[in-house]
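Residue-level structural notes
What follows is each chain in one-letter form.
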Amino acid sequence: MFKFGGKSLSEGKKAKQLAEKILSELKAGKQIAIVVSAIGNTTDTLIEYSNEACGGNVSRKDLDEILGMGERTSARLFTAALRAKGVNAKYLDPSDSDWPIITDENFGNANPIIDKCIPKIRGKLEQLFNENVVPVIPGFIGKTSRGEVTTLGRGGSDTTAFLVAKAISANEVVIVTDVAGILSADPKIVPDPKTISKIDVEKLANLCDFGAKFIHRKTLKFLDGSFKVRITSYKNSKLDEGGTIIQTMASKDYTSAENSALACITIVPEKSSDIWRIVPKVFRVAEKNKIQILMFSADADSLTLYVCDADAERAAKVLHSKLMAGKWTNCFFALAVKRGIKWTKLSGVEMENFHKEMEALRNCCEKLFGVLTVASNIHFFTEASI
């Protein structure tokens, strides 16, 4: 199945070219479902217009009705483009009595109710496939059990595509955009970034956390391994070739792991400006002496290294010796070692549902030693006696 991003549909000639490519896929005997985003920058334009028209007081519920029109219009336009090529296509719409994307009532960032969505999507699309109809589904849009239009938040069209793929047991979701795939850096900032041929979900989640806009991180939780995902450009002659393949799929919102035998070594510089001279030295010493640094944190006042408890004493002796020698003695002030630390790591593509772990830590917060966040991971350090 295919998901067409807004920029791939931003001009009529682009839509025409995509319709021709879909026709070629159909002639090759493929069964196709299509999810579309709003054309170009329609969503941003509607948000800006609505805020100006309503003096910034537009309700989320009203805004969802307005924003949904972007995808609904896009579905109608692309269906017309397909029909112009002789394709028997039909668009779905939330006004339909059997609209299949059912959500909660969290307007503006609604959550699909999976147990309701999957059978409804499967039933609706199987019916259309049996009639040799190509379904065109507006992404981003849901509907509550009371029939109110909702939107799925940024990246919602990808969520729609992944739900549809799961429901119809698709082999692959091809996300068609205006770039050749996932790039090694933002081409607006870095010249000549390379296209990454394969990437796993964890790496992709980390990039999403720090500003990369390939796929919204919220949608990653819908990748359960039942289908693969390809990100490619509308310019490719064949849409299901090239681009970037997303590999390892996420199966849980988050996972928890513990290691109860850690120690931390905190290094304090003579002056705040010295810390950034000490940091590279510390890592060179650690590498040379096979000291495994599991994590670290630093600011202008100190550098903290987290190591295995069994290595703490040797690491402290080696680092102290090297930092007290030669020119480094003018930069280094002192170090301290804390042993017996319990490490709890929470990892996942959506960190909104780890309430039980947080509640347990809250109940013993007087023994909480530290917290470190890195991309999609949260690390808690507590006294090992907990």
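An account of the accompanying structure is given in this report.

**Some words on the packing of helix α2 (residues 42-53) against helix α3 (residues 60-84)**
- It is at 9 Å that the axes of α2 and α3 come closest, and there the two elements cross at 150°. With respect to α3, the axis of α2 lies roughly antiparallel. As for the relative orientation of α2 and α3, their crossing is right-handed in sense. In this structure, α2 uses Thr-42, Thr-43, Leu-46, Ile-47 and Ser-50 to contact α3, whose residues at the interface are Leu-63, Ile-66, Leu-67, Gly-70 and Glu-71.

**What about the environment of Ile-141?**
- One can find Ile-141 in strand β5 (residues 141-143).
- Put simply, Ile-141 and Pro-112 are 29 residues apart on the chain and 9.8 Å apart in space, counted from C-alpha to C-alpha.

**Topic: unusual backbone geometry**
- Residue Asn-132 is not a glycine yet carries a positive backbone phi of 60°.
- Although it is not a glycine, Lys-290 adopts a positive phi angle of roughly 55°.
- Within the fold, Lys-290 resides in the loop between α7 (275-288) and β12 (293-298).

**Re the side chain of Ser-302**
- Looking at where Ser-302 falls in the secondary structure, it is placed in the loop between β12 and β13 (303-308).
- You can call Ser-302 buried: its relative accessible area is 19%.

**Here's the deal with the nonpolar core**
- Counting 41 residues, the largest nonpolar core has Met-1, Phe-162 and Ile-246 as its most contacted members.
- Ignoring anything within four residues of it in the chain, the contact list for Phe-162 reads Val-173, Ile-175, Ile-215, Thr-219, Phe-222, Leu-223, Phe-227 and Val-229.

**Here's the deal with the sheet that holds strand β4 (residues 134-138)**
- An order of β3-β4-β2-β1-β7-β9-β10-β8 is seen for the eight strands of this open sheet, with the pairing classed as mixed. Each having just a single partner strand, β3 (89-91) and β8 (198-199) make up the two edges of the open sheet.
- Summarising the sheet, β3 and β4 pair through three bridges and their orientation is parallel. Within β4, the position partnered with Lys-90 by the bridge is Pro-135.
- Its contacts with the sheet place helix α1 (residues 12-27) against β1 (2-4), β2 (34-36), β4 and β7 (172-177), and it is angled at close to 180° to β1.

**Section: helix α8 (residues 312-323)**
- For α8, which comprises twelve residues, the first-to-last C-alpha distance of 16 Å matches the rise-based estimate of 16 Å (1.5 Å per residue) to within 8%.
- Along α8, the residues classified as buried are Ala-312, Ala-315, Ala-316, Val-318, Leu-319 and Leu-323.

**Overview of the pattern of salt bridges**
- As enumerated under the stated definition, the model contains 20 salt bridges in all.
- Of the charged contacts, one joins Arg-154 and Asp-44 as a salt bridge, the two residues approaching to 2.7 Å between their closest N and O atoms. Of this pair, Arg-154 sits in the loop between β6 (149-151) and α5 (156-168) while Asp-44 is found in helix α2, placing the two residues 110 residues apart along the sequence.
- Among the ionic pairs, Asp-309 bridges to Arg-339, the shortest N-O distance being 3.1 Å. Here the residue Asp-309 occupies a position in the loop between β13 and α8, and Arg-339 occupies one in strand β14 (residues 332-347), the gap between them amounting to 30 residues.

**Let's talk about the environment of Thr-373**
- Mapped onto the elements of the fold, Thr-373 is located in strand β15 (residues 368-374).
- For the pair formed by Thr-373 and Leu-346, sequence separation is 27 residues and the distance between their alpha carbons is 9.6 Å.

**Focus: the environment of Ile-32**
- Relative to the assigned elements, Ile-32 resides in the loop between α1 and β2.
- Its relative accessible area of 4% is what places Ile-32 among the buried residues.
- For Ile-32, the contacting residues outside a window of four places in its chain are Phe-2, Ile-22, Glu-25, Leu-26, Phe-129, Val-134 and Pro-135.

**Some points on α5**
- Taking 1.5 Å per residue as the helical rise, α5 with its 13 residues ought to reach 18 Å, and the 19 Å between its terminal C-alpha atoms agrees with that figure.
- Burial analysis of α5 places eleven of its 13 residues in the buried class, the great majority of the element.
- With its phi angle positive at about 55°, Ser-169 sits one or two positions after the end of α5.

**A short note on the side chain of Lys-21**
- By secondary structure assignment, the location of Lys-21 is in helix α1.
- One buried charged residue, Lys-21, remains without a salt bridge, the closest side chain of opposite sign being Glu-20 at 7.7 Å.
- Look past the residues within four positions of Lys-21 in its chain and what remains in contact with it is Tyr-234, Lys-235, Asn-236, Ser-237 and Leu-239.

Cut-offs and rules
- Residues numbered from 1 in each chain as written.
- Predicted model: local features only at pLDDT ≥ 70, side-chain atom pairs only at ≥ 80, totals over all residues.
- Heavy atoms only, no water.
- Axes fitted to C-alpha atoms, helices over the stretch in contact; angles between N-to-C directions.
- Helix = DSSP H or I, 4+ residues; strand = E, 2+ residues; numbered from the N terminus.
- Parallel < 35°, antiparallel > 145°, perpendicular 65-115°, else oblique.
- Left-handed = near helix turned anticlockwise from the far one by under 90°.
- Contact = heavy atoms within 4.5 Å.
- Buried < 20%, exposed > 50% of the residue type's maximum accessible area, 1.4 Å probe, protein only.
- Core = buried A, V, L, I, M, F, W, Y, C linked by side-chain atoms within 4.5 Å.
- Pairing = 2+ DSSP bridges.
- Expected span 1.5 Å × (residues − 1).
- Salt bridge = Lys/Arg side-chain N within 4 Å of Asp/Glu carboxyl O.
- Lys, Arg positive; Asp, Glu negative; His and termini not counted.

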